[in-house]
Amino acid sequence: MFELKYHTPFEWTEVVLADFETFLQDHAAAEKKASGMAMSMLSHYPDKRKLVKAMTDLALEELIHFKQVLKLLIERDTNLGDDKKDPYIKQIRAHFRHGRDGFLMDRLLVGGVIEARGHERFSLVAEALPEGKEKDFYVAIAKSEEKHKNLFVELAYEYFDKQEVDERLDELLTIEAEICKNIPFTAALH
């Protein structure tokens, strides 16, 4: 449906694999926050039935992903990490427009862009991991993120003019690419 404008280099993957437990902790936190974000959206827009249904399903799916990552952490005898502020999320959210419609469109489109970044980076992790349960998990998670990326844009098309959505999505993709270029690589999703 759309492509990211910045492609994560393999060096990011090397940083992740060098401290995989920290990456798993960050991944767990990201899934937990994604579930909460979906619940927040359906609470703020109860009049938008398609959005409410989609966000209910998404919240449950993200919570299942959280549970799966938690299981990987436990198998590695690693505790769930503290939730940390995500500079990527903070920077991209700073570009949300004000006003009910602009804010909703931006929430949906940024949600799609974040899921697209997750798809890209989880795919890189899956590619780099050796054969086994963790690799299979990250292949599945990457596919899930790709579906989510499309879901958010389809919801934007449901509630807003397609041309306006496409123009704003292009702007947000440019913003997101600049953010990614300037954030140092750590053992974190973003």
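Notes on the structure follow. Each chain has its residues counted from 1, following the order in which its sequence is written. A pLDDT threshold of at least 70 governs which residues receive local features in this predicted model, and a stricter bar of 80 or more applies before side-chain atom pairs are shown or counted, although totals over entire chains, interfaces and linings include all residues. As a rule here, side-chain values come from all non-hydrogen atoms in the structure, and water together with hydrogens is ignored.

So, about the overall build of the chain. Helix and strand assignments follow DSSP, with helices taken as H or I runs no shorter than four residues and strands as E runs no shorter than two, numbered in order from the N terminus. In terms of regular secondary structure, the chain is built from 7 helices and 0 strands. Based on the C-alpha atoms only, the size of the chain along its principal axes is roughly 45 × 30 × 25 Å. Relative accessibility thresholds used throughout: buried, under 20% of the residue-type maximum; exposed, over 50%; partly exposed, between the two (1.4 Å probe, protein chains only). Out of the 190 residues in the chain, the part that is buried amounts to 48%. Residue pairs at least 24 apart in sequence account for 82% of intrachain contacts in the chain once pairs closer than 6 positions are excluded. Every accessible area reported is derived by Shrake-Rupley at a probe size of 1.4 Å, with residue values counting cover from the shown protein chains alone. For the chain, the computed accessible surface area is about 9900 Å², with 55% contributed by carbon and sulfur atoms. Pairs of residues are marked as contacts when any of their non-hydrogen atoms sit within 4.5 Å.

For any pair of aromatic rings, the description rests on two quantities: the centre-to-centre distance and the angle between the ring planes. Pairing of aromatic rings covers Phe, Tyr and Trp, the last through its six-membered ring, and needs centres within 6.5 Å; plane angles under 30 degrees mean stacked, over 60 mean edge-to-face, and all others mean tilted. According to the stated counting rule, one finds 8 aromatic pairs in the structure shown. With centroids separated by 5.8 Å and ring planes inclined at 25°, the aromatic side chains of F20 and F23 adopt a geometry described as stacked. Of the two residues, F20 and F23 both sit in helix α2 (residues 20-44), 3 residues apart, roughly one turn of that helix. Site record: aromatic cluster; members linked through ring pairs are W12, F20, F23, F122, F137 and Y138. Definition used: whenever NZ (Lys) or CZ (Arg) falls within 6 Å of the ring centre and also within 35 degrees of the ring normal, the charge is taken to sit over that ring. A cation sits over an aromatic face here: R121 above W12, 4.9 Å from the ring centre.

To continue, consider unusual backbone geometry. In the Ramachandran plot, D77 falls in the positive-phi region, its phi being about 55° despite a non-glycine side chain. On the secondary structure map, D77 appears in the loop between α3 (49-75) and α4 (87-93). For D77, a relative accessible area of 72% gives the class exposed.

Attention now goes to the pattern of salt bridges. Where charged atoms of side chains with opposite charge meet at close range, the side chains can pair. Each salt bridge in this description consists of a side-chain nitrogen of Lys or Arg and a carboxyl oxygen of Asp or Glu lying within 4 Å of one another. In the structure shown here, the tally under the stated rule is 17 salt bridges. Note that R117 and E120 form a salt bridge whose closest N and O atoms lie 2.6 Å from each other. Separated by 3 residues within a single helix, R117 and E120 lie in helix α5 (residues 100-128), roughly one turn from each other. Note on accessibility: R117 and E120 belong to one class, buried.

This paragraph deals with α5. One fewer than the residue count of a helix, multiplied by 1.5 Å, yields its expected span. When the terminal C-alpha atoms of α5 are compared, their 42 Å separation across 29 residues agrees well with the 42 Å that a helix rising 1.5 Å per residue should span. Counted residue by residue, α5 has 22 buried out of 29 residues, so it is predominantly covered.

What follows is about the packing of α5 against helix α6 (residues 133-159). Here an axis means a line fitted to C-alpha atoms, over the contact stretch when the element is a helix, while the angle between two N-to-C directions is reported on a 0 to 180 degree scale. Orientation of α5 relative to α6, taken along the N-to-C sense of each, is 160°, at an axis distance of 7 Å. As the angle between them shows, α5 and α6 are arranged roughly antiparallel. Judged by the twist between their axes, the crossing of α5 over α6 is left-handed. Polarity classes work like this: nonpolar for Ala, Val, Leu, Ile, Met, Phe, Trp, Tyr, Cys and Pro, charged for Asp, Glu, Lys and Arg, and polar for all others, with Gly in that last group. Of the residues contributing to the contact of α5 with α6, the split by class is 14 nonpolar, 6 polar and 7 charged. Roughly parallel covers angles under 35 degrees, roughly antiparallel covers those over 145, roughly perpendicular covers 65 to 115, and oblique covers all other angles. By definition, turning the near helix anticlockwise from the far helix through less than a right angle yields a left-handed crossing, and turning it clockwise yields a right-handed one.

Here we come to the nonpolar core. L51, M55, L108, L109 and V113 are the most contacted members of the largest nonpolar core, which totals 36 residues. Looking at this core, the elements that each hand over two or more residues are α2, α3, α4, α5, α6 and α7 (162-182). The element best represented in this core is α5, accounting for 8 residues. Apart from residues no more than four positions distant in its own chain, V113 is found in contact with F2, L4, Y88, I92, L169, L173 and E176. Here, nonpolar core refers to any group of buried Ala, Val, Leu, Ile, Met, Phe, Trp, Tyr and Cys residues whose side-chain atoms link them within 4.5 Å. Counting residues in each nonpolar core, the second largest holds 21 residues, with A28, F122, V125 and F137 among its members.

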